[in-house]
Amino acid sequence: MIQSQKAKGVLDYVRLLQGLSLKDLVPDTPAIAEFSTGLTMGQSAERLAKGLGLTRREQDTWALKSHQKAATATEAGLYRGQVVPARVPPSFAAIESDNGVRGDTTLGKLSSLPPAFDRSFGTVTAGNSSFLTDGAAACLLMSAEKAEALEVSPLARVVSMSLVAMDPLEELLLGPVLSVPEALDAADAPLGEVGVWEVHEAFAAPALALLKLLADKAYCQERLGRKGALGKIDPKKVNAWGGSLALGHPFGATGARLVTTCVERMEREGAALGVVTTCAAGALGHAMVLAR
Amino acid sequence: MRSLTLKKRGDGVAVLLFDTPKRPVNVLSGQMLEEAGPLMKEIQDDDEIVACVLVSGKPDSFIAGADLDEVVGMAAEDAEAISRGAHEWLDLVEKSRKPFVAAIHGVALGGGLEVALACHYRIASDHPKTVLALPEVMLGVLPAAGGTQRLPRLIGLQRALPMLLTGKRVRAAQAYRHGLVDALTSPGGLVETAAKAALGLANGTLKPNRDKQPFTEKPLALPPLRAYALGKARDEVMKKTRGLYPAPLEILACVEKGLADGMEAGQEEEAVRFGRLVGSEGSKNLIRLFDAMTALKKAPKGDPPRPVKRLGVLGAGLMGEGIAAVSMGLGPVVLKDVSDEGLSRATKNLRRGLDRRVRSGGLTRLDRDRQWYGLRPTTRSADLAGCDLVIEAVFEDLELKRKVLAEIEGIIGPDAVFATNTSALPIARIAAKAKRPERVVGMHYFSPVPKMPLLEIVVAEKTAPWAVATARAFGVAQGKTVIVVKDGPGFYTTRILGPFINEAVVLLDEGAAIPALDAALLVFGFPVGPVALLDEVGIDVAAHVSKDLGREFAARGAAPSGTFTQLFDAGYRGRKNGKGFYLYPKDRPSGRAKEVNPEVYSFFGGASREAMVAGDLVDRLALLMVNEAVWCLSEGIVASPRDGDAGAILGLGFPPLRGGPFRYVDAVGAGAIVERMGELAELHGPRFNPAPMLAELARKGKRFYSGRRRPQPAPDPQSRRGMSGAGLSAPA
């Protein structure tokens, strides 16, 4: 493309075309591969699911609930205060809600999908993976002094944050398992006092893994160096308005979306503490404790 | 305690768990075969079981092979019986209507791979530790549980023969490409995945793809073409082993019989020939070597090693680069050289080496990056600060080594070990002016470092035990077989090589022909003849060593041949400068035999050569080496005949099938050796006088090793005797 701008005259174009092969005309598929391991996110999710023995049914059920909760929340208008309609070509008609939410999906439909990353024996499918979608989100973050100076009242306060990195081959997507306990410790908040959980659902598998491993005594002792299990997270408090599996995962926007939803939910549900956590490429993990 | 347990999963799949009691790895044994019988019946009779998964209870290892303690010393008929027992069991597995799936993570070697081959489906973890091989040939025996039959049938003759005849190791990705395994999966959830496959096979939804053989396999189904291919393989084996090693030929015979007359006939052939091989002295010596290597990996009692968190390597030449290459997996490495150019070349080679291992599946990308970013090439000595062990590999020059030691002593901490990589310079002389001579130790590596299995650790009088323990443990971690020897001229390996090489030159002085001399020693079993070895080592190095050693041992009549100096003065260095006993034209096609440099004979009295008896040539060279080894033992340079044998085989290529210099004396008899040496001393001089220890042994009619064939295998949890023969270099 760049060279074509330099081409002057017919002969130059002919020369340029000679250098092209059929391969150049096929669009590149964007492979979201880990720089360090060469595995894609999907392959890593498959490794994670197999390693923890997460079944297809568990993952599909989580995905089903994510869609159902997102549909219910959208219908109930819970998202109305958070969503700004977008107008995009060609029609520029307003898009007022996410179009990835499938409230009418069933376990039967989800379980009929073929595994996407290990066709013979895999459990991770298009149905229990988040999809790529376009979107944007924003939230306003400032110091307490600045808020006072501007005379704005905050919706929530950031109590603590944690950013961690783990082994990119064996622990990719497990970042929250390490960062959530760190953030809770820093906030001096026991797990049971958290009223709202917003957990990024890159796939159903890492969300399930977070619940499973924080309740696993042996894992918490061996990997996290704690005295015992961190505790059981009540699944009802997790992603009550649906998660990334239903709403999609617009890169760069999911974090702000999770924070916004967390704050809204805390307000509506009357929760004092909320936790937002995401996994990220490079086996990074992030968690944040919010208070009202 | 049982090796096998059967657990039903509740979904129709039964899991057969291998877990050999009191061993770190699983081994196949007679007892295990007895356990297998009733379990096979249970699997067939239980209607709730529709399929079976075979899996290991050991971490990072499937099955490491047959129990060598059991095999060695077995009578031929007992060995036959155990082979037949294995055939019977694995035939039941293969013919079972309920499918068997082998779930492989870690090594599947020898009998372990044969068990997997009998299953209906093999699924392997895509982990660098997963390696499949039939290393029996390296121990002088053959795969006697159907391996010579099932492997060629599954993956085709062309891919099976290298595995059978050389023990070639195959990693997961290649095993999948060749159809040796049917599927790959991540190590986590291996059993779960295998159970899915087993159910799929049972209900017919999963069909293994068995169409992966190259198209060139098709014509080999025709008997004449097959015979031609097997004949070619046989020629190749003969060329490489000179007929000294019967195992690869026996393997070919089993393959041929099986393909011509069917599986049953082939397995019968396996059993009979296995029995024959197990009793042979050659196989016993190979297994003894394997045992010695295993024993030498165990930490001895005494001072514990100190941790080496960071290694320093001084000198980025071929040696330094090699040492860095085998150390990068163990932690950060600082590689220091005075020349930026040398550093660039070494760094480039190290990176290439890492990339090659990633391509072969031996290293993950992530681990490559970890190792790569742990390497710090530098031209500043100060960067060696903080290293716990510094190995210098600078040029072999006493003054230079002393200078380097003085400089580094000022940089490294008081508890750091300073190791010097030298093949002959006495450590005490290098450390003569050291501030802390107690932490100076010799680490004699062999070139090329990544390929050569031996490391000789040299203990000077003042060296502290903790420094020795630290260097030794680090060498073992690098994957080396380590022998600890006492300081002295040439230590052990160089010292026994000295008279051997010198005698080769003396023989040339006397009129021997170069090709005849090399050929004689090749027939004895050395991998390289002495003259070719001289070219490889470098005539300058050999002349130097020969002079030093000759001076030390002049009283024994071991004067070095003066021709060395003449060759050196005329610019002969050997292969490295293209001027040696052989010609090294740049465009020599690979595989073509080397040609003798005709000019070199002018140093040895002209081109007319005398015919000499090959046996005399062998005796004069080999007995000098053997005799020097005995001197080393009597002076305490080597601690035991076992160490001396392992060092000579792994460091110098003493014929493995002869078991090493000390085993050789035991096999021939000290009396006969002393007698022969007496004859040679009369003819050629006092350098052939037998060492007093040897003479005494002859007088008393004793042996170096006690009468028992091998140390009795006490129930030792550390015993790690699978047929994994790793790093054991038997020619094949």
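One can find the structure itself at the top, above this paragraph.
Residues numbered from 1 in each chain as written. Chains lettered and ligands numbered in written order. Predicted model: local features only at pLDDT ≥ 70, side-chain atom pairs only at ≥ 80, totals over all residues. Heavy atoms only, no water.

### Some words on the nonpolar core
All names here are of chain B. Counting 98 residues, the largest nonpolar core has Tyr 492, Ile 514, Phe 581, Phe 654, Leu 694 and Phe 704 as the members making the most contacts within it. Counting residues per element, this core draws most heavily on helix H24 (residues 614–634), at 13 residues. Among all residues touching Leu 694, those that are not within four sequence positions of it are Asn 627, Val 630, Val 665, Ala 670, Ile 673, Val 674, Met 677 and Phe 704. Ranked by size, the runner-up nonpolar core spans 75 residues in total, among them Leu 33, Ile 49, Phe 100 and Val 115. (Core = buried A, V, L, I, M, F, W, Y, C linked by side-chain atoms within 4.5 Å. Buried < 20%, exposed > 50% of the residue type's maximum accessible area, 1.4 Å probe, protein only. Helix = DSSP H or I, 4+ residues; strand = E, 2+ residues; numbered from the N terminus. Contact = heavy atoms within 4.5 Å.)

### What about unusual backbone geometry?
All names here are of chain A. Across the junction of Pro 89 and Pro 90, the peptide omega takes the value 5°, indicating a cis bond. Mapping Pro 90 onto the fold places it in the loop between strand E1 (86–87) and strand E2 (94–95). Backbone geometry at Glu 151 places phi at a positive 60°, although glycine is not the residue there. Here Glu 151 shows up in the loop between helix H7 (144–150) and strand E3 (157–165).

### Examining empty space enclosed by the protein
Residue and element names in this part refer to chain B. Summed over the entire model, instances satisfying the criterion amount to 4 cavities of 30 Å³ or more. Of the voids in this model, the largest cavity is the one considered here, and its volume is about 260 Å³. Lining the largest cavity are 23 residues, with Leu 28, Ala 66, Ile 82, Ala 86 and Ala 145 sitting closest to its centre. If you list the elements that add at least two residues to the lining of the largest cavity, you get helix H1 (30–45), helix H2 (68–71), helix H3 (76–95) and helix H4 (111–118). Counting residues per element, the lining of the largest cavity draws most heavily on H3, at 5 residues. Residue composition of the lining of the largest cavity, by class: 16 nonpolar, 3 polar and 4 charged. (1 Å grid on protein atoms, 1.4 Å probe; cavity = no way out; pocket = protein on both sides within 12 Å on 5 of 7 lines; lining within 4 Å. Points joined across faces, edges and corners; volume = space filled by probe spheres on them. Nonpolar A, V, L, I, M, F, W, Y, C, P; charged D, E, K, R; others polar.)

### Some thoughts on the packing of aromatic side chains
Residues and elements named next belong to chain B. Evaluation of the coordinates by the stated rule reveals 12 aromatic pairs over all chains. Plain terms: the ring middles of Phe 526 and Phe 654 are 5.6 Å apart, the flat faces sit at 75° to each other, and that makes the pair edge-to-face. Remark: Phe 654 occurs in the loop between helix H25 (641–652) and helix H26 (661–668) and Phe 526 occurs in the loop between helix H20 (514–524) and helix H21 (530–537); sequence separation between them is 128 residues. Here Phe 526 matches Phe 654 in class, with each residue buried. When the centroid spacing of 4.9 Å and the interplanar angle of 80° are considered together, the rings of Phe 662 and Phe 704 count as edge-to-face. With a gap of 42 residues between them, Phe 662 in helix H26 and Phe 704 in the segment after helix H28 (692–700) connect regions that are remote in the sequence. As far as burial versus exposure is concerned, Phe 662 and Phe 704 are alike and both buried. Put simply, the rings of Phe 500, Phe 524, Phe 526, Phe 654 and Tyr 664 touch in pairs and so form one group of aromatic residues. Lying over the aromatic face of Trp 466, Arg 306 brings its terminal NZ or CZ to 3.8 Å of the ring centre. (Phe/Tyr/Trp six-rings, centres within 6.5 Å; stacked < 30°, edge-to-face > 60°. Lys NZ or Arg CZ within 6 Å of the ring centre and 35° of its normal.)

### Considerations on the sheet that holds strand E15 (residues 417–420) of chain B
Residues and elements named next belong to chain B. One open sheet holds the 8 strands; their spatial order is E13-E12-E11-E14-E15-E16-E17-E18, and the pairing between them is mixed. Where the open sheet ends on each side, the last strands, each with one partner, are strand E13 (375–378) and strand E18 (481–486). With direction set aside, neighbouring strand axes in the sheet form an average angle of 25°. Sheet analysis places E15 next to strand E16 (residues 440–445), joined by 3 bridges and oriented parallel. Residue Ala 419 lies in a different strand from E16, and its bridge partner there is Val 441. Together, strand E12 (333–336) and E13 form the strand contacts of helix H14 (residues 340–360), whose direction differs from that of E13 by roughly 165°. (Pairing = 2+ DSSP bridges. Axes fitted to C-alpha atoms, helices over the stretch in contact; angles between N-to-C directions.)

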